[in-house]
Amino acid sequence: VAKENGKRTFTVFSPEMNRRVAEYMWLDTNLRKGLEQNQLVVYYQPKVATGTGEVRSVESLVRWDSPERGLIPPMQFISYAEESGLIAPLGRWVLQTAARQAAKWQQQGLNLRVAVNLSPRQLVDDSVVDDLAQVLKENQLSPCTLDFELTESSLIEDENRAHEVIGRLRSLGAQVHLDDFGTGYSSLAQLARIPLDAIKLDKSFVRGVNLAPVSQSLIRAIVATAEALQFRVIAEGVETESENQFLDCVGVDEKQGFLFAQPMLPEELEQWLKAYSPHPQQKDAG
Ligand code: C2E
Ligand code: MG
Ligand code: MG
Ligand code: MG
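Just so you know, these numbers come straight off a predicted model, no measurement behind them.

## Digging into the packing of aromatic side chains
- Applying the stated criterion across every chain yields a total of five aromatic pairs.
- Judged by centre distance (4.9 Å) and plane angle (75 degrees), the rings of Y24 and Y80 are edge-to-face. In this pair, Y24 is assigned in helix 1 (residues 15-36) and Y80 in helix 2 (residues 78-84), connecting sequence segments 56 residues apart.
- Taking NZ or CZ as reference, R63 lies 5.2 Å from the ring centre of Y43, over its face.
- Here the basic side chain of R69 rests over the ring of W26, its NZ or CZ set 3.6 Å away from the ring centre.

## Section: the packing of helix 3 (residues 87-107) against helix 5 (residues 127-138)
- At a minimum axis separation of 10 Å, helix 3 and helix 5 run at an interaxial angle of 25 degrees. Considering the angle they form, helix 3 stands roughly parallel to helix 5. Pair helix 3 / helix 5 crosses with right-handed handedness. Within the contact between the two elements, helix 3 uses R92, L95, Q96 and A99 and helix 5 uses S127, D131, L132 and V135.
- Looking at the contact of helix 3 with helix 5 residue by residue, the classes come out as four nonpolar, two polar and two charged.

## Quick look at the pairing of strand 6 (residues 176-181)
- Across the six residues that make up strand 6, a large majority, five, are buried.
- Relative to strand 6, strand 5 (residues 146-151) runs parallel, the two being bridged by four bridges. Its bridge partner being in strand 6, F148 is matched across the sheet by V176.
- With three bridges connecting them, strand 6 and strand 7 (residues 198-201) associate as parallel partners. Counted as the bridge partner of H177 is A198 from strand 7.
- In this view, the connection linking strand 6 to its parallel neighbour strand 7 by way of helix 7 (residues 188-193) has right-handed handedness.

Scoring rules and cut-offs
Residues numbered from 1 in each chain as written. Chains lettered and ligands numbered in written order. Predicted model: local features only at pLDDT ≥ 70, side-chain atom pairs only at ≥ 80, totals over all residues. Heavy atoms only, no water. Phe/Tyr/Trp six-rings, centres within 6.5 Å; stacked < 30°, edge-to-face > 60°. Helix = DSSP H or I, 4+ residues; strand = E, 2+ residues; numbered from the N terminus. Lys NZ or Arg CZ within 6 Å of the ring centre and 35° of its normal. Axes fitted to C-alpha atoms, helices over the stretch in contact; angles between N-to-C directions. Parallel < 35°, antiparallel > 145°, perpendicular 65-115°, else oblique. Left-handed = near helix turned anticlockwise from the far one by under 90°. Contact = heavy atoms within 4.5 Å. Nonpolar A, V, L, I, M, F, W, Y, C, P; charged D, E, K, R; others polar. Buried < 20%, exposed > 50% of the residue type's maximum accessible area, 1.4 Å probe, protein only. Pairing = 2+ DSSP bridges. Right-handed = clockwise from strand over helix to strand, strands pointing away.

Here you go:
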């Protein structure tokens, strides 16, 4: 409650602020410990290629299996990790885990590219380049196995530095994808300067696109822009068959979403892949 009538005005935290402070303190006590005690878990969500229906790549998505609270989604701890600096060891752990998993799959004859999400902080701190070189070597991975997804906010702080790091990651064989595309503020000029392989269309555009003419025009415009810049387009958040069909028609290259599969544990993904049969499109479709 803010006291406004007295001479000395002071503000007391609102219940919402109190809750956030308490949450920050809980994370401060527990997340580092969770990371050290191996409580983090990486899930993998497939990406389906348009046309052939094949699955050649997956995205790694971290969760925290807290003994106290159960499975915690990344939205509830990644921003804390970014603010506290814990994102550096956490991000490195995800990359190492994804690399080890990719190597296991290669030994099983499964050739899957694995994409890792990068926080803006990880891009400015260029140790991610050394980390990539190291995990490729340690796991004897082919250079075209690990990819990175980064958001437009990664480019704001220091664009030149970001470009340099992106260039070095790509020279090690990684693809770099711009995540949540359409929700940030990059200009076309900026977009044209970034050395990218693909953009990931944010799920907010994909949602209900079959029903909304404005979203349809937006997606068409984004796909045309990506084509002009020679970036591939990956759509995230595909939940319905009609969204899927629309995306096929406008020429999106890969699709990801609950329509195909949720993020899964490695064994679940292996089972899913065994049961999955790609449904190639008819030649005249699209
Ligand atoms: P993102 O990279 O944009 O990942 C897509 C999110 O959408 C994931 O949420 C995924 O589970 C969810 N999703 C996938 N398909 C669908 C769908 O059809 N419908 C809906 N409604 N959602 C779908 P998740 O796993 O909770 O991750 C949220 C965000 O946390 C990620 O967004 C990413 O920004 C961040 N994140 C996850 N793992 C990492 C990580 O290892 N490092 C960093 N820095 N960030 C991570
Ligand atoms: Mg992502
Ligand atoms: Mg995304
Ligand atoms: Mg997104």
